[in-house]
Amino acid sequence: MTSDRPTIFALSSGRPPAAVAVVRICGPQGGRALELLIGRVPPPRRAVLVRVRDPADGDIIDEALALWFPAPNSETGEDMAELQVHGGQAVIAALLGALGRIEGCRMAEPGEFTRRAFLNGRLDLTEVEGLADLVAAETPAQRRQAFRQLKGLIGDQAETWRRQVIEALALVEARIDFSDEADVPEDLIDPALNAAQQLCETIAAALADGGRGERLRDGLVVAIAGPPNAGKSTLLNRLARREAAIVSPYPGTTRDVIEVHLDLAGYPVTLLDTAGIRASEDPVEREGIRRAAARAAAADLVLWVIDSQATERAADFDVENIGKTECWLLRNKVDLAGDKLWTNSEWQSTPYTRQLAISAATGAGIDGVVGALAEFARAYFAATESALVTRARHRQALEQTVSALDHALGQSRSGAEELIAEDLRSAATTLGRLTGRVDVEDILDVIFRDFCIGK
Ligand code: GDP
């Protein structure tokens, strides 16, 4: 089945130059490629020191460690070879060039190794996603969540649930098939529906986690907002310069919103610097402001920054628009003339749950902001790490399952066996889609697109 597949190869280690480069080869020509390049196939799973030669002219490319993982006991389930060479540009170019000239071998596409592992049943789809998350993890909590998923946390659970649905379905189908026969127990529908009821409640409980698993994956969103010149960008830059800042310009970064990723107490927090929110006549600026306000409104926390020296009191953040989002007041530029926190009566009329006096320019009070944010993240994520659902895709599949089960439970008990069976079948299908057991072609490209080449 796999023998007509092309053999793929790629640089699987990081960007050269580096001390070592790992080139992986996967597919039916893996063994032959090793014979051509190093003159032999090493014993399985044993590292051997070899000379790598260009098969075209016998020219020595490098000395390497070679490893051989024959099918099916390899990461992808196919024959795999690994050459660890010196991580120089020319070494890697010569090796990849030589591999490309071997018949049946070509460069791997992004995620293609993992895709083969999936197609060969070595990983289910949720484990593939866990692997992608593990590679992308920026904080310890994200890493732990991704690792649990890679090890089948949600996949195994979904598979157990799917088996339970299928058992219930089997009862209903028995009732349908043998309804005329005397020795089939009269009531098979009740036990089937009882099982469906229980399952429905269990899955609904797993979904009622407030989306925290997804948040841990994506990061808690904290928006820095406030009137122009209050010091928002200065604050963001100061926070980004801290050791905890993860400098990763996001592809989604636009002119209007800048993102900085922070690791606070091990939890991911994404800070957004939004364009100054104020009344404006300029249509371009108005659009920027509209987007900034929308991002801020969707955030988990808003830091409303004001210039504590400003004589006019700036408008408060529009609480109507932000719904339940928590909002803190940061009184900036206290280095200029000191600052007086608002008195209780001034304070009570505001929408803020907290006020902090800071100087983004001198750094005064910034530790307090970071400490408060870390506390906020810790409280938010408490007990989250066991969350089952880490992606919208999982949530959608489980919601569809619950709704199919609900529908089955709503059918009248007698005479509706066919309809109940249909609902249970659809519940089994949505659970099967979660792990990639049934018709998932359409989502595969979306999932594997996120991978880098060589993974
Ligand atoms: P934004 O429009 O809210 O992003 O404001 P900026 O960060 O661009 O700051 C506006 C001006 O205020 C700049 O000239 C900053 O140098 C200055 N500024 C920002 N924070 C402070 C501060 O804490 N103290 C003082 N003295 N100046 C500040």
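Computed from a predicted model, the values in this text were never measured in an experiment.

1. Observations concerning the pairing of strand β1 (residues 7-11)
Along β1, five of the five residues are buried, which leaves the element largely enclosed by surrounding structure. Here β1 shows no split at all, with Thr7, Phe9 and Leu11 on one side and Ile8 and Ala10 on the other all buried. The sheet contact formed by β1 and strand β6 (residues 105-107) spans three bridges and is parallel. Bridge pairing in β6 links Phe9 to Met107. Across four bridges, β1 lies against strand β2 (residues 18-26) in antiparallel orientation. If you follow Phe9 over to β2, its bridge partner there is Ile25. The antiparallel hairpin formed by β1 and β2 contains six residues in its connecting segment.

2. A short note on the nonpolar core
Grouped together as the largest cluster of nonpolar side chains are 33 residues, with contacts concentrated most on Leu235, Leu271, Leu303, Trp328, Leu330 and Leu373. Secondary structure elements with two or more residues in this core: β7 (220-225), α9 (232-241), β9 (257-264), β10 (267-274), β11 (301-307), β12 (326-332) and α14 (366-381). It is α14 that contributes the most residues to this core, 10 residues altogether. Residues in contact with Trp328, not counting those within four places in the same chain, are Leu301, Val302, Leu303, Trp304, Tyr352, Thr353, Arg354, Leu356, Ala372, Leu373 and Phe376. Cys200, Ala206, Leu388 and Ala427 belong to the second largest nonpolar core, which has 32 residues in total.

3. Things to note about the packing of aromatic side chains
With the rule as written, the count across this model stands at three aromatic pairs. Centroid distance Trp328 to Phe376: 5.9 Å. Interplanar angle 80 degrees. Geometry classified as edge-to-face. Residue Trp328 is located in strand β12, and its partner Phe376 is located in helix α14; the two are separated by 48 residues in the primary sequence. Here the two residues Trp328 and Phe376 agree in accessibility, since each one is buried. Linked through ring pairs, Tyr267, Tyr380 and Phe381 together constitute an aromatic cluster.

4. With respect to the pairing of strand β5 (residues 80-87)
Across the eight residues of β5, six count as buried, placing the element largely inside the fold. Where β2 meets β5, eight bridges bridge the pair, whose relative direction is antiparallel. Looking at the pairing, Val20 lines up with His86 of β5. Inspection of the sheet shows strand β4 (residues 60-69) paired to β5 by five bridges, in the antiparallel sense. Bridging across to β5, Trp68 finds its partner in Ala81.

5. Digging into the packing of helix α6 (residues 153-177) against helix α7 (residues 189-207)
Two elements in contact, α6 and α7, have axes separated by 9 Å at closest approach and are oriented at 160 degrees. Here α6 is positioned roughly antiparallel relative to α7, judged by the angle of their axes. The crossing of α6 and α7 is left-handed. Mapping the contact onto sequence places Trp161, Gln164, Val165, Ala168, Leu171, Val172 and Arg175 in α6 and Ile189, Pro191, Ala192, Ala195, Leu199, Thr202, Ile203 and Ala206 in α7. Here the contact of α6 with α7 is composed, by residue class, of 12 nonpolar, two polar and one charged.

6. Considering the pattern of salt bridges
Using the criterion set out here, one finds 19 salt bridges in the structure. Between Arg425 and Glu173 there is a salt bridge, with the nearest N and O atoms lying 2.8 Å from each other. Taken as a pair, Arg425 in helix α16 (residues 417-435) and Glu173 in helix α6 lie far apart in primary sequence, 252 residues in all. Note on Arg425: relative accessible area 33%, which makes it partly exposed. The partner of Arg395 in a salt bridge is Asp209, and the shortest N-O contact between them spans 2.8 Å.

7. What about the confidence of the model for the protein?
This prediction gives the protein a mean pLDDT of 85; 82% of its residues lie at or above 70. Contacts for the low-pLDDT stretch residues 247-255, under 50 throughout, to residues beyond four places or in other chains number six contacts.

8. Points about the site of the ligand
Close contacts around the ligand come from 15 residues, with Asn229, Lys232, Ser233, Thr234 and Asp335 the closest. Take Asn229: an N or O atom from its main chain is 2.8 Å from an oxygen atom of the ligand. A distance of 3.0 Å separates an oxygen atom of the ligand from a polar atom in the side chain of Lys333. Calculation on the ligand without its partners gives an accessible area of 580 Å², and the protein chains cover 68% of this total. Among the elements that make up the shell around the ligand, the one with the highest residue count is α9 (three residues).

9. Things to note about helix α15 (residues 392-410)
For an α-helix the count is 3.6 residues per turn, leaving residues at separations of three or four pointing the same way. For α15, built from 19 residues, the straight-helix expectation of 27 Å at 1.5 Å per residue is met to within 8% by its first-to-last C-alpha distance of 27 Å. Of all the residues in α15, the buried ones are Arg393, His394, Arg395, Ala397, Leu398, Thr401, Val402, Ala404, Leu405, Ala408 and Leu409.

Thresholds applied
Residues numbered from 1 in each chain as written. Predicted model: local features only at pLDDT ≥ 70, side-chain atom pairs only at ≥ 80, totals over all residues. Heavy atoms only, no water. Buried < 20%, exposed > 50% of the residue type's maximum accessible area, 1.4 Å probe, protein only. Helix = DSSP H or I, 4+ residues; strand = E, 2+ residues; numbered from the N terminus. Pairing = 2+ DSSP bridges. Core = buried A, V, L, I, M, F, W, Y, C linked by side-chain atoms within 4.5 Å. Contact = heavy atoms within 4.5 Å. Phe/Tyr/Trp six-rings, centres within 6.5 Å; stacked < 30°, edge-to-face > 60°. Axes fitted to C-alpha atoms, helices over the stretch in contact; angles between N-to-C directions. Parallel < 35°, antiparallel > 145°, perpendicular 65-115°, else oblique. Left-handed = near helix turned anticlockwise from the far one by under 90°. Nonpolar A, V, L, I, M, F, W, Y, C, P; charged D, E, K, R; others polar. Salt bridge = Lys/Arg side-chain N within 4 Å of Asp/Glu carboxyl O. pLDDT = per-residue confidence, 0-100. Near = heavy atom within 4 Å. Polar contact = N/O pair within 3.5 Å; in protein donor to acceptor, adjacent residues only side chain to side chain. Areas by Shrake-Rupley, 256 points an atom, 1.4 Å probe, with all protein chains shown as cover. Expected span 1.5 Å × (residues − 1).

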